[in-house]
Structures are given as C-alpha cells and as structure tokens.
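Next come the chains, spelled out residue by residue.
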Amino acid sequence: MKDPIMPHPLPANSANAIDLRSDTVTRPSPGMMAAMASAPLGDDVFGDDPTVNALQAEAAEMAGKEAGLFFPSGTQSNLAGLMAHCGRGDEYIVGQQAHTYRYEGGGAAVLGSIQPQPIENAPDGTLPLEKIEAAIKPIGVNFARTRLLALENTIAGQVLPAGYTQRAEAIARKAGLAFHLDGARAWNAAVASGQTLAEICQPFDSVSLCLSKGLGTPVGSVLVGARPVIESARRWRKVLGGGMRQVGVLAAAGRYAIQHNIARLAEDHSNAALLAKSLTGLLGAGAVRYTGTNMVFVNPVPGLSFQDLGAFLQARNILVEGGSGLRLVTHLDVSTYQINQVVEAIGMFLADAGRAASSAA
Ligand SMILES: *Cc1c(COP(=O)(O)O)cnc(C)c1O
C-alpha cells in the first residue's frame, strides 16, 4: 500500500535507479519522444486535435466501446465518469480499498456531490455480491439514490476472478445501476488473464484506462463508454479543468504506448513472478504474495524493518516504498537483470541483519 505522507527522498541519480515504488515512474522512451515531437496537433477543446481523436478512437475500439475521451489523469477520468452517471444526492457503491474511494481525495463527494457507499473488499479484491445487494438503498425520501456500482481491475495487482464482473453486472442491472470500472491497469488484467481488453470491459458502461502506469506514458488516461456517457463526461472534464488545447503532443505518447507497450506487460508480470519466487526463497513462503500481474507484496516479517531495508537499498540506488508492508512494482524500466540485482541486494541486507542479530545474541 502506498504511504502518501512520507515520499522517499530521491538519490541524486534517481533517473538511473532501479525504481520499484510504482509503475508510474517510467520515463518516455526515445521512440515515444519522437512520436510526441512529430504529432499533428490542433485545439482539442474544439475537437480539432487529430492525434487526440485518433487515440480516443483506438482506445474505444480496443475496449469495445463507442467512444473515448482523453484526460490528464486517471483521477479526473474516474471522477468525470462518476459525474456522468450520478448527480447531486446520488450514491455510488465502491470498495473500501478502491482507488476512487481511498486515493482520489474524496473527489466524488467533494466535487461531484456523490455520496460514496464503501464496502469492505474481500481478500481477492471483489466486493461480495450479497454486500452489494444489501447496500443498495430503497427508493424513498429518506435515502440517497443508489445510482452506480464501481469496480477496479486489477485491484492491488490482482485480476478480478473469471465470471465475477458478470455476476456483479447482473445485480447492477437488476437494480437499474450504472456500472463503472476503474481500469487503470485493465491492460495488465487482459495480458495476465489472456482476455482481450474488450472482454474485460464488456460488462461496464464506462471504463477509465491509464496510459501512465504500465504503458509508460508521462501523462494521460482515456475514459471509454457509450457516446452519451462520454459526451456528458466531456462537459464535466471542461468543468474540472481538463479541457486541454494542443494536447496531441501527449496523446501521441498514448498512441505509441498502445502500439508498442501492451504485449510486453507480460515481461513485467514474469519479472514480478521471478521477484516473488526469489524473495520467497529468502523470506519464506508466508512472507511473500505474488498478485499475478506486476505487483509483489511482502508482509511484515518479525525482526525485519522495511525502513532499514529501504535505506540499505536506496544507498545501492534501488528505490522501494516500505511502510508496514512492502509493495514492489515492476514496469518497463526494470529489466530481469535488475530484478536479480534487487534480490541480491536484499539477500545481502538479510545476511547483514542475520550477522548483527547473531553477534548481539
Ligand atoms: C493510478 C491509478 C488511478 C489514477 O491515478 P492518476 O495518478 O490520477 O492518474 C486510478 N485508479 C487506480 C487503481 C490507479 O492505480
């Protein structure tokens, strides 16, 4: 889990660090920079930017939706999506651990006048179906109007189990709720599960897709959905300050990423699996959890301080985000060779710590 209060100070040469804090830390590649530099541009608030229009059409097509809309961030894309479905006094059902609820500053409530109804996520990231059903409010003067169910895939690196979203959809449809997916890492879910992006997105009315996570762009998300939803979101995007002008310069990075950086997500997943396997060898099976995509979690280990480990690694130009547990994220700027370097460094730390403990005893 991210610690939003205490970001790590960066070493002077952070550009060359092995950075496992998140998949948001990637730098645009030379090919991506070249695509950005040569993109045809126009004023996107007028709908005139050909590169933005192409990206939106490509993302919508891949997701099997009618239309797409480019956003500066996933936070804004999710929020505009929620606002397209819900009005003042409406409510959305969402996971306690969901990004839209927990890590987006409460924007749905603050800016959208939408009441969140959080539900505790099960360990596999799902919202238990009976809890969803129980949370849907009756219609009446006493109640907020339940309007939307929002899921996240992947969630904490886990792909939602096969068939789950269809069962959740059936509940949403029966109650007349709209259905939104925070698909910040939906491409990871697709690659890991062997489904197409369209299959992952099929049950949902709107999906927010991040280009700046595993796909490696500096900026950008695309909201996809049916045309009326996207047209409503376009108005909210303007209200939220996300109407940008010659922004094809950024959309070009997204088009490049869609062409070059999706299939290779499998490398991030195999690097994460390798990391998990090696760390299990060092720490024992109970300590390490591999999510199936590009994240590895290390549980608290008696006598092991993740703060001390983080400082030890940082001195070796390896960046991790350690709180009560440790989340390690692989991405296109981390190679298999570097994963082995990280394992070696963690092994050194554990050996040092073991020596310190035995000499103290
Ligand atoms: C990163 C992320 C977002 C959007 O974040 P931005 O930093 O605003 O682009 C949304 N949902 C999830 C699950 C994310 O990981």
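Scroll up to find the structure this text is about.
Predicted model, so just to flag it, every value in this text is computed and none were measured. (Residues numbered from 1 in each chain as written. Predicted model: local features only at pLDDT ≥ 70, side-chain atom pairs only at ≥ 80, totals over all residues. Heavy atoms only, no water.)

Caption draft 1: Spotlight on the overall build of the protein chain. Looking only at helices and strands, the protein chain features 14 helices and 13 strands. Taking 21 Å as the expected radius of gyration for a compact globule of 361 residues, we find that the protein chain reaches 21 Å, a close match to that expectation. Each principal axis of the C-alpha distribution contributes one length, and for the protein chain these read about 70 × 55 × 35 Å. Here the protein chain, with 361 residues, has 51% of them falling under the buried criterion. (Helix = DSSP H or I, 4+ residues; strand = E, 2+ residues; numbered from the N terminus. Rg over C-alpha atoms; globule rule 2.2 N^0.38 Å. Buried < 20%, exposed > 50% of the residue type's maximum accessible area, 1.4 Å probe, protein only.)

Caption draft 2: Up close: the packing of aromatic side chains. Inspection of every chain in the model, using the stated rule, returns two aromatic pairs. A cation sits over an aromatic face here: R235 above W236, 5.3 Å from the ring centre. Sitting over the ring of F71, R237 keeps its end group 5.9 Å from the ring centre. (Phe/Tyr/Trp six-rings, centres within 6.5 Å; stacked < 30°, edge-to-face > 60°. Lys NZ or Arg CZ within 6 Å of the ring centre and 35° of its normal.)

Caption draft 3: Local environment of the sheet that holds strand 6 (residues 178-183). Sheet architecture is open: seven strands sit in the order 2-8-7-6-5-3-4, paired in mixed fashion. Taken across any chain shown, the strands that pair with only one partner, and hence form the sheet edges, are strand 2 (67-71) and strand 4 (115-119). Between one strand axis and the next, the sheet turns through 20° on average, direction left out of account. Where strand 7 (residues 206-210) and strand 8 (residues 221-225) come together, five bridges link them in antiparallel fashion. Across the sheet, the residue bridging to L209 is V222, located in strand 8. (Pairing = 2+ DSSP bridges. Axes fitted to C-alpha atoms, helices over the stretch in contact; angles between N-to-C directions.)

Caption draft 4: A look at the packing of helix 2 (residues 50-63) against helix 11 (residues 248-260). Running from N to C, helix 2 and helix 11 cross one another at 35°; their axes reach a closest spacing of 8 Å. Along this stretch, helix 2 crosses helix 11, giving a crossing that reads as left-handed. Where helix 2 approaches helix 11, its residues T51, V52, A54, L55, E58, A59 and M62 are matched on the opposing element by G248, A251, A252, G254, R255 and I258. (Left-handed = near helix turned anticlockwise from the far one by under 90°. Contact = heavy atoms within 4.5 Å.)

Caption draft 5: Structural detail: the pairing of strand 5 (residues 145-152). For strand 5, a buried count of six out of eight residues is recorded, marking the element as mostly surrounded by other parts of the structure. In the sheet, strand 3 (residues 90-95) pairs with strand 5 via four bridges, with the strands oriented parallel. The partner of D90 across the bridge, within strand 5, is R145. Relative to strand 6, strand 5 runs parallel, the two sharing five bridges. Looking at strand 6, one finds that E152 is bridged to D182. Assessed by its sense of winding, the connection that carries the chain from strand 5 through helix 7 (residues 164-174) to strand 6 is right-handed. (Right-handed = clockwise from strand over helix to strand, strands pointing away.)

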